[in-house]
Amino acid sequence: KQFLKNNPNGRIVGFTASPGNKDTLIEVVQNLGIRNIEAMDERHPNVKPYVNIIKDDQIMIELSDDFNEVLTILNNYLKDNLKVLKEIGMINSIQLNKFSKKVLLTLPQKLNENRGKELEENEFYAGMKAYGQLMIASHAHELVETQGLIAFINYYDNKSEEMRISGRRSLKTFLYSKIIKKAYELSQKLVETGETHPKYTELYSRITEQIEKNPDRKSVV
């Protein structure tokens, strides 16, 4: 904005391989004062010679019983908070597979819209408390499932330090919960025995197998 203010006839040229979604793109275009856009996908003649066909194989990995126990504990914590929201009529189901992040992010607005109408003050505050716990716990669950136990342990420790500094009540509720403490302590025990996430073992095995077949093969992880 300062550049355009001082040099109205100045020229801005930008290149990106990851423009993002439509809303983000519109914001960038407006902020940079861009008038013309040229988009090239993999079929564009200037791009096509450099695009390789990629074969995509998904490898499904079974989680161990101990690993699943940590996820089950976190699932139970999520369900307990979903029950609160269902009881006050903010959601219809506590089934985790039916509860998306998108729905979670719309809850504060829904709670505020119903405050003083369908919701009494105590119900509103109970709903907001449950929402706060869901935000924290759902991320913890996602970390365990996608990155492993060490990521969850680090997350818990970081939240502990954050709570010590800020004194946030929502963090205190999460960290002092017996259920969450159980998941944390179990995770620590499993990491001590060498359990982190089965995908790392699988990854090592797959790459080793490929290198044994062809020592010159390269991999990107």
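The residue count restarts for each chain, going from 1 along the sequence in the order it is written. Predicted model: local features are reported for residues with pLDDT of at least 70 only, side-chain atom pairs are reported and counted for 80 or more only, and whole-chain, interface and lining totals are derived from all residues. By convention in this description, side-chain values take in all heavy atoms of the structure and omit both hydrogens and water.

Draft legend 1. Region of interest: the overall build of the protein chain. Secondary structure is summarised from DSSP: a helix means a run of H or I of at least four residues, a strand means a run of E of at least two, and numbering begins at the N terminus for each. Within the protein chain, the regular secondary structure consists of nine helices and zero strands. The secondary structure elements of the protein chain, listed N-terminal to C-terminal, are α-α-α-α-α-α-α-α-α. C-alpha atoms define the radius of gyration in this analysis, and the globule rule sets the expected value at 2.2 Å times the number of residues to the power 0.38. Rg of the C-alpha trace for the protein chain: 24 Å, well past the compact-globule value of 17 Å for 221 residues, more than 25% over. Taken along the three principal axes of its C-alpha coordinates, the protein chain extends 60 × 60 × 35 Å. The contact definition used throughout considers only heavy atoms, calling two residues in contact when any of these lie within 4.5 Å. Across the protein chain, the fraction of contacts at a sequence separation of at least 24, relative to all contacts at a separation of at least 6, is 63%.

Draft legend 2. Up close: the pattern of salt bridges. When a carboxyl oxygen of Asp or Glu is within 4 Å of a side-chain nitrogen of Lys or Arg, the pair counts as a salt bridge. For the structure shown, the criterion picks out seven salt bridges. A salt bridge links Lys-159 to Glu-162, with the nearest nitrogen and oxygen atoms 3.3 Å apart. Residue Lys-159 and its partner Glu-162 are both found in helix 6 (residues 149–166); the two are separated by three residues, about one turn of the helix. Its salt-bridge partner being Glu-161, residue Arg-164 comes within 2.6 Å of it at the nearest N-O pair.

Draft legend 3. Fine view of helix 5 (residues 121–146). Given a rise of 1.5 Å per residue, 26 residues ought to cover 38 Å, and the 38 Å separating the end C-alpha atoms of helix 5 matches this to within 8%. Downstream of helix 5 by a residue or two, Gly-148 has a phi angle that is positive, lying close to 120 degrees. Working rule for helices: expected span equals 1.5 Å times residues minus one.

Draft legend 4. Up close: the nonpolar core. The set of buried Ala, Val, Leu, Ile, Met, Phe, Trp, Tyr and Cys residues whose side-chain atoms join them within 4.5 Å is what this entry labels a nonpolar core. Buried residues are those whose accessible area, probed at 1.4 Å on protein chains only, stays under 20% of the maximum for their type, while exposed residues exceed 50% and partly exposed ones sit between those limits. Membership of the largest hydrophobic core comes to 41 residues, with the highest contact counts inside it found for Val-70, Leu-85, Val-144 and Phe-174. The residues touching Val-144, leaving out its near neighbours within four places in the chain, are Phe-67, Val-70, Leu-71, Leu-74, Leu-149, Phe-152 and His-197.

Draft legend 5. Geometry of a nonpolar patch on the surface. Like charges within 9 Å and nonpolar side chains (Val, Leu, Ile, Met, Phe, Trp, Tyr) within 5 Å are joined into patches, using only residues over 30% in relative accessible area that form no salt bridge. With residues, only the protein chains shown are counted as cover, and all accessible areas are computed by Shrake-Rupley using a 1.4 Å probe. A surface patch of nonpolar side chains, amounting to about 290 Å² of accessible area, comprises Phe-3, Ile-12, Val-28 and Leu-32. Here Phe-3 is to be found in helix 1 (residues 2–6).

Draft legend 6. Highlighting the packing of helix 6 against helix 8 (residues 178–192). Contact geometry for helix 6 and helix 8: axes closest at 9 Å, N-to-C directions at 130 degrees. When the interaxial angle is binned, helix 6 and helix 8 end up oblique. When you trace helix 6 past helix 8, the crossing you get is left-handed. Residues Leu-149, Ile-150, Phe-152, Ile-153, Tyr-156 and Asp-157 of helix 6 form the contact with helix 8, whose own contacting residues are Ile-180, Lys-181, Ala-183, Tyr-184, Ser-187, Gln-188, Leu-190 and Val-191. As a rule, the C-alpha atoms of each element are fitted with a line to give its axis, helices using only the stretch in contact, and angles between N-to-C directions run from 0 to 180 degrees. Roughly parallel means an angle under 35 degrees; roughly antiparallel, over 145; roughly perpendicular, 65 to 115; everything else is oblique. By convention the crossing between two helices is left-handed if the near helix lies anticlockwise of the far one by an angle smaller than a right angle, and right-handed if it lies clockwise.

Draft legend 7. Fine view of the packing of helix 3 (residues 65–87) against helix 5. Contact geometry for helix 3 and helix 5: axes closest at 9 Å, N-to-C directions at 160 degrees. As judged from the angle between their axes, helix 3 and helix 5 are roughly antiparallel. Seen from above, helix 3 lies across helix 5 with left-handed handedness. Together, Phe-67, Val-70, Leu-71, Leu-74, Asn-75, Tyr-77, Leu-78, Asn-81, Leu-82, Val-84 and Leu-85 of helix 3 and Ala-126, Gly-127, Ala-130, Gln-133, Leu-134, Ala-137, Ser-138, Ala-140, His-141, Val-144 and Glu-145 of helix 5 make up the contact between the two elements.

Draft legend 8. Highlighting the packing of aromatic side chains. Aromatic pairing here means that ring centres of Phe, Tyr or Trp (its six-membered ring) are within 6.5 Å. Orientation follows from the plane angle: under 30 degrees is stacked, over 60 is edge-to-face, and everything else is tilted. Taken as a whole and judged by the stated rule, the model has three aromatic pairs. Plain terms: the ring middles of Phe-124 and Tyr-125 are 5.3 Å apart, the flat faces sit at 70 degrees to each other, and that makes the pair edge-to-face. For a ring to carry a charge above it, either NZ of a lysine or CZ of an arginine must fall within 6 Å of the ring centroid while also lying within 35 degrees of the normal to the ring plane. Over the ring of Tyr-176 we find Lys-181; its NZ or CZ atom is 5.4 Å from the centre of that ring.

Draft legend 9. Representation of the side chain of Asn-114 within the structure. Positionally, Asn-114 belongs in helix 4 (residues 101–114). Setting aside chain neighbours within four positions, we find Asn-114 in contact with Met-90 and Leu-119.

Draft legend 10. Region of the structure containing helix 8. Here helix 8 is 15 residues long and its end C-alpha atoms lie 21 Å apart, about the 21 Å a rise of 1.5 Å per residue gives. Listed as buried for helix 8 are Ile-180, Ala-183, Tyr-184, Leu-186, Ser-187 and Leu-190. On an axial view of helix 8, the arc spanned by its buried residues comes to 165 degrees, and they lie on one face. Away from its buried face by more than 90 degrees, helix 8 exposes Lys-178, Lys-189 and Glu-192. What the arc covers is the set of directions going from the helix axis to the C-beta atoms.

Draft legend 11. Fine view of the environment of Glu-120. Relative to the elements of secondary structure, Glu-120 occurs in the loop between helix 4 and helix 5. With ten residues separating them along the chain, Glu-120 and Lys-110 place their C-alpha atoms 14 Å apart.

Interpretation note: all reported values are geometric properties and have no functional meaning in isolation.
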